[in-house]
Every structure is written in C-alpha cells, then in structure tokens.
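Report on the structure
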There are 2 protein chains.
Amino acid sequence: MNPVQTYETIQDRIQQVEERIRAQSDGHHPELGAALDHLVSSGGKRVRPTVTLLMGGMLKADPNRLINLAAAIEMLHTATLVHDDLIDGAYLRRGIPTLNAQWSPAATVLAGDFIFARAAKLASDTNSVEVMQMFAETLTVIVNGEITQMFSNHEDSRRNEYLERIYAKTASLFEVATKAAAVLSNVNLEIQNAARTYGYEIGMAFQIVDDVLDFTSEQSTVGKPVASDLRQGLITLPAIYYIDAHPDDPDVQLLLAGNHINEDSLSRLAEAISKSSVIGKTMNEANQYLDRALKALGTLPESPERDALEDLANYIVHRDY
Amino acid sequence: MNPVQTYETIQDRIQQVEERIRAQSDGHHPELGAALDHLVSSGGKRVRPTVTLLMGGMLKADPNRLINLAAAIEMLHTATLVHDDLIDGAYLRRGIPTLNAQWSPAATVLAGDFIFARAAKLASDTNSVEVMQMFAETLTVIVNGEITQMFSNHEDSRRNEYLERIYAKTASLFEVATKAAAVLSNVNLEIQNAARTYGYEIGMAFQIVDDVLDFTSEQSTVGKPVASDLRQGLITLPAIYYIDAHPDDPDVQLLLAGNHINEDSLSRLAEAISKSSVIGKTMNEANQYLDRALKALGTLPESPERDALEDLANYIVHRDY
C-alpha cells in the first residue's frame, strides 16, 4: 500500500502542485509546454512534493507559499533528471521515453535549463530569501555530486564515496524540502532541525532502497534493466558489501580491474548479489536511516500529517523488494 | 578608448566581483574550480558587471549586495555561454578554447548547471526576493529565446523575430542588471524604470553593434570567423536589411531557399553586406537605442557614475567598427 496515493487530503494539493508546474510554460514557446506536460505526466509518485506538503502542513506553513516550494522541489528534481538522462543516453525512464529520446541533445540541454529557471522562480515565489538560498545550495550540491562522480579517482573509500554520492543525488533534495517547509512555517531552530533530519534520513534510505531494488526487481517493475547501475559501472551499497565479502570471486576481480566486464560476468555477479546476504545487510542499513527519521519525527507535533509522514517513511523503506 | 577599462574606481570593484565569482567553486570538486578560473580568465570586458556597479553606485545600493548582484549577472551570462558553445559546437570564444573544447559534452552540461546554481546563490545573497524573482525570470527569457530560435518556423516577420531574439539573448540581462541595481538601492518606481530603460536600450544596441561587427571585423578582432552568424544560418539585422533591399540577388535567393549555401555564395554575400549601405542603416538603428538610453540616463542623478554610464553607452555603440 502506497500512502502517497492513499492520503486523500494530500492528493488535492499534489494536483495543485502539478497545475502550478504545468503553468510554468505559460507565455513561453509551445514546445516547452509540450515537454513539461510530458514530464509531468510521466512523473513518478511525487514523493518529494508529498513530503514537502505534509511537513509544511504539520508545521502550519502558508498553503500558497508551500505549493510554490513543493512545485520548485519537484521541478528541480525534474530538471536534473532531464540533464542526467541526456548525459547517460537513457531513452526510457519508468518505461516512458525520456525527453532526449525525442529531442535533440541541444534542445534537451535548453529544456533542462528552462526547468531550472522556472524552479528557481517558484523557489523565489516562496518569498523567503533563506529558502531561495537553500534551494540554490542544494542545486549546487546535486551538480557537484555528479561532477565528482564523473571525475572520481576512487581515492576515498567506496562506502564514503557512495554515501556522499547518494546524499548529493537524493538526500539533499529531501533535506531541503523538509527544512524549507519548516522555514516557511516560522518554527524555531530545534523544530527546523528535526524536520531537516527527517528529510535527510528518509532521503538516504530512499536511495539505498532504490539501489537494492535495482538488484532485486524484475525489469517490468522498475521499467529498466535489472542491475542497471552495475551495467553503468556504478557500484552501489549492495555491490560494495558483496565485494568486501567476496574479494576472490573472479567476477568481482574483473569488476575491480575496471576493464570492460562482459555480459556473462555481469549477469552472474548481479544474480549472486541479489541472492546473497548483502541484500539483508543493506536493508538493515536502510532501516537504521528509517529509525533515525522516525525518531526525529517523534519530536514534532502530533497530527494527521505526522502519521502520514510516518507511513511514508515506512513505505519508502518497505516498498516491494 | 574603452571606458570599462579606464574608470579606475570601478576596476577595484570589478576585481572584487571576479574574486567573488572564483570563490563560488570553494568546497566543490577541484575540476569545477579549474573550469571557473578558465572562464573568468578568458572573460571579456565585464560590461555587464560594470553597468551593474555603476548603476547601483549612482543610486547608492549597499556595496556588498551590489557585488553579489554583479557577480550573479556575470555568472548567469557565463553559464549561458557554456551551454551555448556546447550546443553550437564552438571550440573558440574570443580566441580562447571553450570549455567544451576541453571537456566532454556531459561534463560541460554539468559545469553550466553548476554555474547556474552559483549564480542563483549569489542572486539570493542580494537578500532581495524581488531581485531573485527578476533573476529567475531573466534566465527563463534567455532560455525561452534560444528554444524559440531553435524551433523557429519563421512565421513572424524577420525583423520582429530578430528583435525578440536579441532581447532574450542580450538586452534582458542588461535590463535586469540595471533594474535590480535600482531595486537594491530602494529608489522609487520612476527611477527604477529609468534604470531599467537604460539597461534595456544599451543591451539592444550592444547586440545590434555586435551583429554589425560580425560583418565588418577581421577574424583576429572578434576571435571568430567573420560572418559567423550567417554561416550558422542566423540572419541578423544587417542581413535582414540587405535581403529587403536586394530580393533578386541570387545569393540572397539561395540563402532564403534555406538549402545549404556554399562557401562562395556565403563569402560573396558577407562581403556585399559589409560594403553596402545596410551597415550604416543598422548603425542608425543602434544609435536610436543609444539615444533612448541616454535620455533615460539624463533623468537619473548627476554623478561620476552617470558620466561613466554615458561614456559606456557611447562606447558600446561606437567601438571599433
């Protein structure tokens, strides 16, 4: 059961967020409207705006400024996906053609820039300089994380590199979503920090579980080939634990040599990882993030939103795996 | 004589702007620092931050917030150039290798995104929600202009299309530079509008003169091939006037047919345009923008900065052509 889809009050406001996102192409080139419609329609479960709306709802943020914040967060996420899919040459996301599958690289770069621009406008429409500053810092963290991954020389330990990467890629945006929702609510610093912690911890858990699902899911579920990270040379936490536990596995040695790894080795490795105890070990780690998220949440005001955020955190870690 | 380089008080502050720009890579991946250094070092005459600093200086904006604004404007400009050069496959700008001449397309997309992010951060560091909103709107206008050019079906008249394009590409940023400097100065709406008008008019003039110089300069002066716009299929104001005056010229007919135009025809056309009266006609138009800029400037407080802005406007229109 996905609480994102069942919490009815939020559904109305998510719809408002989607409308506000679609309205961002008004007055601009019609192709941008078409692109934005396509991206909104093919969007996922809206976990980020949901978290934003629930946190801001619980802490009594102004509803209109909160809609702007939630729309800004979702558009920032969308813009990074547009450029990522272009960079990765990915033609499908969630089983739906990406923008770069239909547009030239040049137009896709500009479409991403346009969405960044509108996300920045929505962030400034929260009327909070502090939120705007956090928003720009988060965009910096996300892009710096991608650049760091691209130029990585693996000097750092694999585990640290992984944790930094998923913070930049995913947790930073959940963190700004919940922190900014608290800032808009004019609550004290202690409450802002608890909100921020909740966002950070579920963001980290979210990405770790995603990385587990990449090994344990069938292609039809995630809409992309299983072990897609490994195929791209991206070593995620389950693979890191497997490497540590099986340094002598010939497929592991091939992988670490950094040469092109053939399909046979890759499939065998992905299969071995998915059936091994490292999946449980990685899920344990995700559960530790979940526990810290729930602990931070427990210090926030009792409310239907808090219950929903608890459900959501549990769902994030325990979705089909 | 270039007043940008001779107005000494401004030189100190331009240096502060450059330092603030370079500082934006602090704490991030070293390659980003290298890229930013390269871009700052190969930067042009800093016309945009100069205009920003002079306008804000004249209207008594807080110096530190003004430096942030000027740095934000220059970085926004830089970020759009990084993505533009990638899109155009340009390997030189002002005779210096572009970022995409040295980096992969993927890294160049991300470098541009990073610079956008830091520009947004600097804009938010002006501590003005209004400036931040204008900044995001300007980024939207710039990118929308590029998308419109890319998908253009030439439904609009060539002249209107041209004026809209150069507004989006150039004048919008000069406009936000001077308007935002006025907003930071807390002056009344009338003064804000005069500041905005000055920026808009010199921005339009700046681009028109650039487009004239593309026909009248030697390769060594602009660091790129003469008639580079025409080579890219971009029809600027001198070419529009030439087309209107010589509809029966066989080279014009080839150009309008939209097919691949050979080097002989292209050189002949570029040469013909550069020697024809359309250059004077286009310069007349630039001078009209200049007159309106100076008229708006005349309503602003007498000051050394106003004199410098007058010199700068004259320089923009009368630089070597």
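This text goes with the structure placed above it.
Small disclaimer: the values here were computed from a predicted structure and weren't measured.

1. With respect to the overall build of chain A
In terms of regular secondary structure, chain A is built from 16 helices and 2 strands. Across its three principal directions, the C-alpha atoms of chain A cover 60 × 45 × 35 Å. The buried share of chain A, taken over its 321 residues, is 51%.

2. As for the interface of chain B and chain A
At the junction of the two partners, chain B supplies 35 residues and chain A supplies 35 residues. Counting only elements with at least two residues in the side of chain B that touches chain A, the list comes to helix H3 (30-41), helix H5 (63-88), helix H6 (105-124) and helix H7 (129-150) of chain B. The element that contributes the greatest number of residues to the side of chain B that touches chain A is H7(B), accounting for 13 residues. Tallied by class, the residues present in the side of chain B that touches chain A amount to 19 nonpolar, 9 polar and 7 charged.

3. Thoughts on helix H12 (residues 237-245) of chain B
Considered for burial, the residues of H12(B) that qualify are Leu237(B), Pro238(B), Ala239(B), Tyr241(B) and Tyr242(B). Where H12(B) is buried, its residues touch helix H8 (158-184), helix H9 (189-216), helix H11 (228-231), helix H14 (263-275) and helix H15 (278-298) of chain B.

4. Quick word on the relation of the copies chain B and chain A
Mapping chain B onto chain A is achieved by rotating through 180 degrees and translating by 0.0 Å along the same axis, at an RMSD of 0.0 Å. Interpreted geometrically, this transformation is the action of a two-fold axis. Every residue of chain B has its C-alpha some distance from the rotation axis, and the shortest such distance is that of Val129(B), at 2.9 Å. Both copies contact each other with a shared surface, as 100% of the interface residues of chain B are interface residues in chain A too.

5. Comments concerning the nonpolar core
Of all hydrophobic cores here, the largest spans 211 residues; its most connected members are Ala181(A), Ala205(A), Ala181(B) and Ala205(B). Ignoring sequence-local partners within four residues, the contact set of Ala205(B) consists of Ala286(B), Tyr289(B), Leu290(B), Ala293(B), Ile316(B) and Val317(B).

6. Re the environment of Asn186(B)
Residues and elements named next belong to chain B. Assignment of secondary structure puts Asn186 in the loop between H8 and H9. Judged by the 13 C-beta atoms lying within 10 Å of it, Asn186 falls in the partly exposed class. Each C-alpha atom of the pair Asn186 and Ala61 lies 7.6 Å from the other, and the pair is 125 residues apart in sequence.

7. Quick notes on the packing of helix H4 (residues 47-58) of chain B against H8(B)
All names here are of chain B. In the contact formed by H4 and H8, the axes pass within 8 Å of each other and the chain directions differ by 25 degrees. Viewed along their axes, H4 and H8 adopt a mutual orientation that is roughly parallel. For the element pair H4 and H8, the recorded crossing hand is right-handed. Counted together, Arg48, Val51, Thr52, Met55 and Gly56 of H4 and Leu173, Phe174, Ala177, Thr178, Ala181, Ala182 and Leu184 of H8 form the full contact between these two elements. By residue class, the composition of the contact of H4 with H8 is 8 nonpolar, 3 polar and 1 charged.

Rules of the game
- Residues numbered from 1 in each chain as written.
- Chains lettered and ligands numbered in written order.
- Predicted model: local features only at pLDDT ≥ 70, side-chain atom pairs only at ≥ 80, totals over all residues.
- Helix = DSSP H or I, 4+ residues; strand = E, 2+ residues; numbered from the N terminus.
- Buried ≥ 20, exposed ≤ 12 C-beta atoms within 10 Å, placed from the backbone.
- Contact = placed C-beta atoms within 7 Å.
- Nonpolar A, V, L, I, M, F, W, Y, C, P; charged D, E, K, R; others polar.
- Least-squares fit on C-alpha atoms with pLDDT ≥ 70 in both.
- Core = buried A, V, L, I, M, F, W, Y, C linked by C-beta atoms within 7 Å.
- Axes fitted to C-alpha atoms, helices over the stretch in contact; angles between N-to-C directions.
- Parallel < 35°, antiparallel > 145°, perpendicular 65-115°, else oblique.
- Left-handed = near helix turned anticlockwise from the far one by under 90°.

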